[in-house]
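Residue strings, one per chain:
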Amino acid sequence: VYQFDGDGAEIGQFRTKIVNITRTANELKMPISVGKWDLVLISGDGVENVTPPVRGSARSALKMYENKPVGGFLPSMPEFRSARIKGQLIQANTSHQADAILARNVAMVKVVIDDASGFEVAGDHKIYPLDVQTTLNWDGGLYPDKDNPDVSTPPMQGALTISNDTGRRHKSNAAVFIVPAHPG
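Residues numbered from 1 in each chain as written. Predicted model: local features only at pLDDT ≥ 70, side-chain atom pairs only at ≥ 80, totals over all residues. Heavy atoms only, no water.

Caption draft 1: Seen up close, unusual backbone geometry. Across the junction of Tyr143 and Pro144, the peptide omega takes the value -5°, indicating a cis bond. Residue placement: Pro144 occurs in the loop between β11 (135–137) and β12 (158–164). One non-glycine residue, Asn20, adopts positive backbone phi at about 60°. Tracing the chain through its elements places Asn20 in the loop between β2 (14–17) and β3 (22–23). For Asn20, a relative accessible area of 62% gives the class exposed. One non-glycine residue, Asp131, lies in the positive phi region at around 50°. Looking at where Asp131 falls in the secondary structure, it is placed in the loop between β10 (124–127) and β11. (Helix = DSSP H or I, 4+ residues; strand = E, 2+ residues; numbered from the N terminus. Buried < 20%, exposed > 50% of the residue type's maximum accessible area, 1.4 Å probe, protein only.)

Here is the structure:
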């Protein structure tokens, strides 16, 4: 859980990472100082590689996660989830409750040959998606923005196995890619 200013001149700026969180099956309990806060929750695979936010910039201007090439190719992004609680007012000596739904900030891209002809059925066929977006910001959107996101120079790599369907027609399994995606 990451705490950001929820009002005032520094609204949206990182304050602290919350520690001493008590977890149950469907609840998190934590001490938070008095004030109005925006909270960002992150859970799932890949959270150990999240870029910690720094004070002084808006959430949308800070990289949260950058998917980097491995062995010359961009891997699929881990499927961690995030949620944001806006404007949570915390008062002294009071218990507070807020609900959050963790959402994936990724998209699944599947490449499948459903019905084609003229393919060789022996071996795997490589597929290389190019200019794939790589980075999410702390608002949960693409970095630096959805209209001009950071993209990878190295491609992703996947394989299709093509088989005979009927007669001279071919089909394939699915090559699946998980990429960062802008919400909404």
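Following the structure, the description resumes.
Caption draft 2: The arrangement of the pattern of salt bridges in detail. Under the counting rule described, the total for this entry stands at 10 salt bridges. With a closest N to O distance of 2.8 Å, Asp139 and Arg59 form a salt bridge. With Asp139 in the loop between β11 and β12 and Arg59 in the loop between β5 (35–43) and β6 (63–66), the pair connects residues that are 80 residues apart, well separated along the chain. On the accessibility criterion, Asp139 (35% relative accessible area) is partly exposed. Look at Arg59 and you get buried, because its relative accessible area is 7%. A salt bridge links Asp139 to Arg84; the nearest nitrogen and oxygen atoms lie 2.9 Å apart. Highlighted residues: Asp139 in the loop between β11 and β12 and Arg84 in strand β7 (residues 81–90), separated in sequence by 55 residues. Members of the salt-bridge network, linked through shared partners, are Asp5, Glu10, Arg15 and Arg55. (Salt bridge = Lys/Arg side-chain N within 4 Å of Asp/Glu carboxyl O.)

Caption draft 3: Just the layout of surface pockets, in detail. The computed volume of the largest pocket comes to approximately 1,100 Å³. Along its surface, the largest pocket is lined by 35 residues, and Val1, Leu28, Lys29, Met30 and Leu41 are the ones closest to its centre. The leading source of residues in the lining of the largest pocket is β5, at four residues. (1 Å grid on protein atoms, 1.4 Å probe; cavity = no way out; pocket = protein on both sides within 12 Å on 5 of 7 lines; lining within 4 Å. Points joined across faces, edges and corners; volume = space filled by probe spheres on them.)

Caption draft 4: Structural detail: the side chain of Gln3. Note on placement: Gln3 falls in strand β1 (residues 2–5). Judged by relative accessible area, which is 3%, Gln3 ranks as buried. Sequence-distant contacts of Gln3, that is, excluding residues within four places in its chain, are made with Gln13, Phe14, Arg15, Thr16, Ile18, Ile32, Ser33, Trp37, Asp38 and Leu39. (Contact = heavy atoms within 4.5 Å.)

Caption draft 5: Layout of the sheet that holds β1. Taken in spatial order, the five strands line up as β2-β1-β5-β7-β8 in an open sheet, and their pairing is antiparallel. Strands at the two margins of the open sheet, each flanked by one partner only, are β2 and β8 (103–104). In this sheet, β2 lies alongside β1 in antiparallel orientation, the contact comprising three bridges. The partner of Phe4 across the bridge, within β2, is Phe14. (Pairing = 2+ DSSP bridges.)

Caption draft 6: Just the sheet that holds β10, in detail. Judged by pairing direction, the sheet is antiparallel, and its three strands sit side by side in the order β10-β12-β13 without closing on themselves. Every interior strand has two partners, whereas the edge strands, β10 and β13 (170–172), have only one. Here the strands of the sheet are splayed against their neighbours by 40° on average, with no regard to which way each runs. As paired strands, β12 and β13 are joined by three bridges and run antiparallel to one another. What sits directly across from Ile162, in β13, is Ser172. (Axes fitted to C-alpha atoms, helices over the stretch in contact; angles between N-to-C directions.)

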